[in-house]
Amino acid sequence: MADESSTGARASPSASSRPEGEPPGESFRSEPSFRLALVGLGLIGGSVGLAARERTSARVVGWDPDPGVREKALERGVVDVAAPSLDAIEGVDVVVVAAPVGELSSLVGDACERFPGAVVTDVGSTKAALVAANSRDPYIGGHPLAGAEVAGVENARADLFANATWYLTPRADSEGILLERLHRFVVGLGAVPTIIDAGDHDRLMAAFSHVPHVVANAMVAQATKALGDEAIPVVGPSFRDATRVAGANPPLWAGIYDANRDAVLDGLDATITLLTEARELLARDDTAAIEAWQQQAQQQRRALLDIGMTGGQLAEIRRVVPNRPGVVADLALKLSRAGINIHDMTLSPQPDFRSGEVALWVAEEHHERARSLIDEVLTES
């Protein structure tokens, strides 16, 4: 397999400003015919529309089951066209389904049938069950780590996704051209696409989002029970910080818990074990051990929050790959499992269409490891 890897490094590009000649992740600005369809026009769907219209050359058409929401989306400039029905939408390149978790599977399946030439994605916070239920092209799962404590298209913002992680969960056999199109679209919105296996996504979301919501609910219940008949005390910042997400959007979160039940239960079991260990530690007369436990938590939290917060140099890797379904998704998932994110990608078919060149940009520190993993995949194929 031809090796056209470049070892030259460069500064990490900004999604909003990229010098000419840099990777094309900046977007679809050069594609005036790019067409985006939004299925659902709430906070997230509305923000996708605003970002696409402000940052790219996309023509945006949107639909929502509520006529009042469609009218409001048009008034706010979220869409160019508010479609009266899904039947009125045709000829689109990307479809974003932004609906409650419980409705995603049927809407995604419907979109795949209606728009076979587009890449269909969603913004739900659980992925494995959805990917399993829609296990064919043109669907590729998505989940932006962005939101707000308010809902509705009236609160949509064009900058909601600025520098936010946006998970993409292709299957191993997803078409490379669809993955590249979705990857560039997400970068065009100002977000940072991160490719990950659907099961790994759900496990991580349980640990970093879903279980914390459950724990926050339990903390509120514990504090309420502890209060008894006493007057309500002044609530301190620790309680406010630790329970900020308690009781958030009950219909939405009931759907999330249901869709990611197994991973949430596993996470709760692990949390209960850790709380039991903490109780045993606090019950002992060992101040030094307690201080060490507290310091470890401080260090671990800092390390977790620092992940992905720094920029850096990127290096380019080019490879000629066979033209078969899933080869690019296979590469991307292999790198993801090794903790290597693809910051940009391009695909260029060869004249005979039997192969193509893929160009990937990864952090310079991961360059050699990424090259090795990519070559492993190509050797196996």
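Residues numbered from 1 in each chain as written. Predicted model: local features only at pLDDT ≥ 70, side-chain atom pairs only at ≥ 80, totals over all residues. Heavy atoms only, no water.

Novice: Give me the lowdown on the sheet that holds strand E9 (residues 192-195), citing residues and values where you can.
Specialist: Pairing in this open sheet of three strands is mixed, and the strands run E7-E8-E9 from one edge to the other. Each edge of the sheet is formed by a strand with only one pairing partner; in this case those strands are strand E7 (141-144) and E9. Looking at each pair of strands side by side, their axes are set apart by 25° on average, direction ignored. One ladder, built from four bridges, connects strand E8 (residues 165-169) with E9; its direction is parallel. Each residue of the ladder has a partner; that of Thr165, found in E9, is Val192. Packed on one face of the sheet, helix H6 (residues 198-227) meets E7 and E8 and runs near 140° to E8. (Pairing = 2+ DSSP bridges. Helix = DSSP H or I, 4+ residues; strand = E, 2+ residues; numbered from the N terminus. Axes fitted to C-alpha atoms, helices over the stretch in contact; angles between N-to-C directions. Contact = heavy atoms within 4.5 Å.)

Novice: How would you explain the pairing of E7 if you had to name every residue and give the values?
Specialist: Here E7 shows two buried faces, one formed by Gly141 and His143 and the other by Gly142 and Pro144. Pairing of E7 with E8 involves four bridges; the strand directions are antiparallel. Counted as the bridge partner of His143 is Tyr167 from E8. (Buried < 20%, exposed > 50% of the residue type's maximum accessible area, 1.4 Å probe, protein only.)

Novice: Requested: an account of the packing of helix H11 (residues 327-337) against helix H12 (residues 367-380), with residues and values cited.
Specialist: Orientation of H11 relative to H12, taken along the N-to-C sense of each, is 140°, at an axis distance of 10 Å. Judged by the angle between their axes, H11 and H12 are oblique. The way H11 lies across H12 gives a crossing that is right-handed. Along the contact surface, H11 presents Val327, Asp330, Leu331, Lys334 and Leu335, while H12 presents Ala370, Leu373, Ile374, Glu376, Val377 and Leu378. Residues of the contact of H11 with H12, tallied by class, amount to eight nonpolar, no polar and three charged. (Parallel < 35°, antiparallel > 145°, perpendicular 65-115°, else oblique. Left-handed = near helix turned anticlockwise from the far one by under 90°. Nonpolar A, V, L, I, M, F, W, Y, C, P; charged D, E, K, R; others polar.)

Novice: Would you mind going over the pattern of salt bridges in detail, with residue names and values included?
Specialist: Between side chains of opposite charge, pairing is possible as soon as their charged atoms come close. If you walk through the whole model with that rule in mind, you get 19 salt bridges. Among the ionic pairs, Glu376 bridges to Lys334, the shortest N-O distance being 3.6 Å. Residue Glu376 is found in helix H12, and its partner Lys334 is found in helix H11; the two are separated by 42 residues along the sequence. Given a relative accessible area of 26%, Lys334 falls into the partly exposed group. The partner of Arg371 in a salt bridge is Glu368, with the nearest N and O atoms 3.7 Å apart. (Salt bridge = Lys/Arg side-chain N within 4 Å of Asp/Glu carboxyl O.)

Novice: An account of the sheet that holds strand E6 (residues 119-122) is requested, with residue identities and associated values reported.
Specialist: By way of backbone hydrogen bonds, the strands of a sheet pair with one another, either parallel or antiparallel. Ordered in space as E4-E3-E2-E5-E6, the five strands form an open sheet in which the pairing is parallel. Each edge of the open sheet is held by one strand with a lone partner, namely strand E4 (81-82) and E6. Of the pairings in the sheet, the one linking strand E5 (residues 94-97) to E6 comprises four bridges and is parallel in character. Residue pairing in the sheet places Val95 in a bridge with Val120 of E6.

Novice: How would you summarise the nonpolar core if you had to cite specific residues and measurements?
Specialist: If you look at the biggest cluster of nonpolar residues, it comprises 57 residues, and the most contacted ones within it are Leu36, Leu38, Val48, Trp166, Leu179 and Phe185. Among the elements that take part in this core, H11 stands out by supplying seven residues, more than any other. Setting aside residues up to four positions removed in sequence, Val48 forms contacts with Leu36, Leu38, Val96, Phe161, Trp166, Phe185 and Leu189. The next biggest cluster of nonpolar side chains, apart from the first, holds 23 residues, and it includes Val61, Val92, Cys112 and Leu130. (Core = buried A, V, L, I, M, F, W, Y, C linked by side-chain atoms within 4.5 Å.)

Novice: Help me get a handle on the packing of H6 against helix H8 (residues 250-259), residues and values and all.
Specialist: Relative orientation of the contacting elements H6 and H8 amounts to 120°, with a least axis distance of 11 Å. Comparing their axes, H8 and H6 come out oblique. Handedness of the H6/H8 crossing: left-handed. Contacts from Ser209, His210, His213, Val214 and Asn217 of H6 reach H8 at Trp253, Ile256 and Tyr257. Here the residues of the contact of H6 with H8 are counted per class, giving four nonpolar, four polar and no charged.

Novice: So, the environment of Arg53: which residues are in play, and what are the values?
Specialist: Inspection of the secondary structure assignment puts Arg53 in helix H1 (residues 43-55). By relative accessible area, Arg53 is classed as partly exposed at 34%. Along the primary structure Arg53 and Leu189 are separated by 136 residues, whereas in three dimensions their C-alpha atoms are 9.3 Å apart. Those residues in contact with Arg53, other than ones at most four positions away along the chain, are Val60, Gly77, Val78, Val79 and Asp80. In terms of polar contacts, Arg53 uses its side chain to reach the side chain of Asp80, at 2.7 Å. (Polar contact = N/O pair within 3.5 Å; in protein donor to acceptor, adjacent residues only side chain to side chain.)

Novice: Describe the pairing of E5, and please don't skip the residues or the numbers.
Specialist: Strand residues, when the strand is regular, have side chains that alternate between the two faces of the sheet. The side-chain alternation of E5 yields two buried faces, one formed by Val94 and Val96 and the other by Val95 and Val97. Here strand E2 (residues 35-39) runs beside E5; their pairing, made up of four bridges, is parallel. Following the sheet pairing, Leu36 is matched in E5 by Val94. In the classification by handedness, the crossover that spans E5, the intervening helix H3 (residues 101-114) and the parallel E6 is right-handed. (Right-handed = clockwise from strand over helix to strand, strands pointing away.)

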